[in-house]
Amino acid sequence: MGTKRKQAEVSGNGATSDTTGQEVSISIDRTPANIQPVLATFLAAVPPVASSFSTYRYIANSKNDDCIVVSETDKVEYVGQNFENGKPLINGCRYMIGVYDPEKDTVVFRQAPYVRVNTVIKSLKNSRGVAERTNPSQIPQARNDLGVEFGSKKQKAGIRAEERNRINMDNVRNDMSVIGASIEQRASTMPSEEDIAKENEKARPVPKYDPDAKTAAEIYDMEDVLSKSNAAFINASALAKATDPEEHRKYVPVRTEFVAKKIEQIIGQKKPDLALLRRVMYLAYLIRFVNIGSKVIQNRESCIRSLCCSPEIATVIFDKFADCVAGTANPDGSPVYKKTPASESRLMCHIFVLMLSLNNWILFPADVAADLGLPIRETNRYLESVGCKLEPISSSDAASKGRKAAAASKKAVLKAPVKFPKANLRGKK
C-alpha cells in the first residue's frame, strides 16, 4: 500500500494552494499585543497542567522584545525570561506560532519569545547564596515541599510519616540536663576497654598460667590441669607392669599414635616415671571424652561409665568439660548436659597443653591433626590459643620427616614469656 501526499503551491501574493485548487492565505502579525504566545523550557519542576502564567515586558516602552513570565502555587514560584545579561537567549533564529482559521482559510503567524523558566521555593526565597549555606536546615524542608507538590503518592506518604516522627528540639533542649545526667551515670558504670581486656584474659579457655614465666615449663600450672589428689585415682602401676601392648588397652581407652609412643617410652625405662604415665593416661581419658557422642553426654551417669576410667576421674572430667542445660531434664528426671563451644575449646586447650608438656613443649601440627582427626586449620588455631608460635621446622626435624613432608610442615613451639592472640573486644556476631 502507498500513501498520497498533498502538494501545495505558493503563489506570488503569499497565498498557497493545494492540488484541489483551494487557496490558504498566510500572514504575519507584527502588531503590539499584551497577550502573546510564549515558548517555554522548564529547567526544574514542571508546573501542573492547569497553571496560568502572566507575561510582562521587562522595560516599559522599550523597543526590544525582552519579557518575563511568572506563575506561582502555594509553595513554589515559576519565573522565566528570554534574555540573560542583557542579551537574548538565542541568536540567529526566531520562533513563530501559527493559528489556522478554517472558516477563512487563513494562517496567521506571530513571533513567540523563547523563555527559560526557573523554579523558586518560597521558603528559600530570602536565603540565597551565602545565607543558604549558613542555614542548611531549610534545604530538607525545601526538598519536602517539592515532594509534596510534585512527588508520587508513595513519596508524599513518606514525607508525612517523617514529619510525624520528627522530634521537637525545643522540648529536647528543656530536658538536656536530665539526659546528660543519665548518660554520665550510665557511662560511669560501664567497664573501660582495659577492664574488658582483663575480663577476656580471665575467660581464656586455658589452664592457669603465669604471664611472667621465664621458661616454657613454668608457664602453665600443671596442678590445675591434673592435681596430685586426682592423679592418685589413676592406676599407673598396673599399666607399668603390663609388658604386652595388647594389655595396655585395659587401662587406656583410646589408642592414638601420640599416646602409644609416650606409653612405650615411659614403660621402656628402667624405672618408669609414674607421674608422667598418669599424665599420659589422663590425656587418653580426655581424648576419649572428645569422641563421646552428644546423646551419651546428655546423661551424667551414662557418660561417666563410658569414659572407661575410675569414677572419681570420670566425675572430674565430666564436671569440668560438660555444661548443664537449664530448664531441661532426661526421662529419668536427671539434668541434661552437653558440650558447648566454650567447654569444647576448654577441653581441646587442656589436651594440647598436656601434649606439649609430654613432648618438651614442641608439637608438629600436621602430625597432631592426623592423629586426632582434626582439620589442620583448627589444630593451628588451638595451638595458637595456648600461646604457641608456628615456626618452620629445623634441618634435623626435616631430615627425620622427609623432604616432601618437611616442605609442608611447621612446628608449634611454646616459649616464655607467653603471648596469646588478641581477644576480639566486640565479641562474635
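Residues numbered from 1 in each chain as written. Predicted model: local features only at pLDDT ≥ 70, side-chain atom pairs only at ≥ 80, totals over all residues. Heavy atoms only, no water.

Enquirer: What is the right way to read the sheet that holds strand S17 (residues 410-414) from this model?
Expert: Pairing between the strands of a sheet comes from backbone hydrogen bonds, and it takes one of two forms, parallel or antiparallel. The strand order across the open sheet formed by three strands is S15-S17-S16, and the pairing between neighbours is antiparallel. Edge strands, defined here as strands with exactly one partner in the open sheet, are strand S15 (362-363) and strand S16 (388-392). Pairing geometry for S16 and S17, over five bridges, is antiparallel. Along S17, the bridge assignment pairs Cys-388 with Leu-414. The strands touched by helix H17 (residues 376-385) within the sheet are S15, S16 and S17, with S16 carrying the most contacts at an inclination of about 125°. (Pairing = 2+ DSSP bridges. Helix = DSSP H or I, 4+ residues; strand = E, 2+ residues; numbered from the N terminus. Contact = heavy atoms within 4.5 Å. Axes fitted to C-alpha atoms, helices over the stretch in contact; angles between N-to-C directions.)

Enquirer: When you look at the sheet that holds strand S5 (residues 54-57) in this model, what are you seeing that I'm missing?
Expert: Read from one edge of the open sheet, five strands run S4-S12-S7-S6-S5, paired in mixed fashion. Each of the sheet's edge strands pairs with one partner strand only, and the pair in question is strand S4 (39-42) and S5. The average angle at which neighbouring strand axes cross in this sheet is 25°, direction not considered. Two strands pair when backbone bridges link them, and S5 and strand S6 (residues 67-72) are joined in this way by four bridges, in the antiparallel orientation. Paired with Ser-54 across the bridge in S6 is Val-70. In this fold helix H2 (residues 138-150) packs onto strand S7 (76-81) and strand S12 (114-121), with an angle of close to 90° to the strand it touches most, S7.

Enquirer: Honestly, the packing of aromatic side chains in this entry has me stumped. Any pointers?
Expert: For any pair of aromatic rings, the description consists of the separation of the ring centres together with the inter-plane angle of the planes. According to the stated counting rule, one finds six aromatic pairs in the structure shown. Note on Phe-53 and Tyr-78: the rings are 6.3 Å apart at their centroids and 55° apart in plane angle, and the pair reads as tilted. A residue pair is termed long-range when its members are at least 10 positions apart, and Phe-53 in the loop between S4 and S5 and Tyr-78 in strand S7 qualify at 25 residues. The class for Phe-53 is partly exposed, based on a relative accessible area of 33%. Classification of Tyr-78 as buried rests on a relative accessible area of 0%. Here the aromatic rings of Tyr-209 and Phe-420 are separated by 4.8 Å at their centres, their planes lie at 65°, and the arrangement is edge-to-face. Of this pair, Tyr-209 sits in the loop between helix H6 (193-202) and helix H7 (222-225) while Phe-420 sits in the segment after S17; the two residues are 211 residues apart in sequence, bridging distant segments of the chain. The class of Tyr-209 is partly exposed, set by a relative accessible area of 24%. An aromatic cluster of three or more residues is present, and its members are Phe-42, Phe-53 and Tyr-78. One cation-aromatic arrangement involves Lys-339 over Phe-289; the distance from NZ or CZ to the ring centre is 5.5 Å. (Phe/Tyr/Trp six-rings, centres within 6.5 Å; stacked < 30°, edge-to-face > 60°. Buried < 20%, exposed > 50% of the residue type's maximum accessible area, 1.4 Å probe, protein only. Lys NZ or Arg CZ within 6 Å of the ring centre and 35° of its normal.)

Enquirer: Mind showing me how you'd approach the side chain of Asp-105 here?
Expert: Here Asp-105 shows up in the loop between strand S10 (96-101) and strand S11 (106-111). Note on Asp-105: relative accessible area 17%, which makes it buried. A polar side-chain atom of Asp-105 sits 3.2 Å from a polar atom in the side chain of Tyr-100. (Polar contact = N/O pair within 3.5 Å; in protein donor to acceptor, adjacent residues only side chain to side chain.)

Enquirer: Would you explain the nonpolar core in this entry?
Expert: If you look at the biggest cluster of nonpolar residues, it comprises 66 residues, and the most contacted ones within it are Tyr-220, Tyr-282, Leu-283, Phe-289, Ile-317 and Phe-352. Contacts of Phe-352, omitting those with residues within four sequence positions, involve Leu-363, Val-368, Leu-372, Leu-374, Thr-379, Tyr-382 and Leu-383. Formed by nine residues, the second largest nonpolar core is a distinct cluster that contains Val-76, Tyr-78, Val-115 and Val-117. (Core = buried A, V, L, I, M, F, W, Y, C linked by side-chain atoms within 4.5 Å.)

Enquirer: I'm lost on the pairing of S11 in this one. Help?
Expert: Within a regular strand, the side chains alternate between the two sheet faces. Two strands pair when backbone bridges link them, and strand S3 (residues 23-29) and S11 are joined in this way by five bridges, in the parallel orientation. The residue of S11 that forms the bridge with Asp-29 is Arg-110. Taking the residues that link successive antiparallel strands as the turn, the S10-S11 hairpin has four residues, and the phi of Asp-105 there is positive, at about 55°.

Enquirer: Is there a simple way to explain the environment of Ser-345 in this structure?
Expert: Its location among the elements puts Ser-345 in helix H15 (residues 341-358). Residue classification places Ser-345 among the partly exposed residues on the basis of a relative accessible area of 21%. Sequence-wise, Ser-345 and Pro-205 are 140 residues apart; in three dimensions their C-alpha atoms are separated by 6.1 Å.

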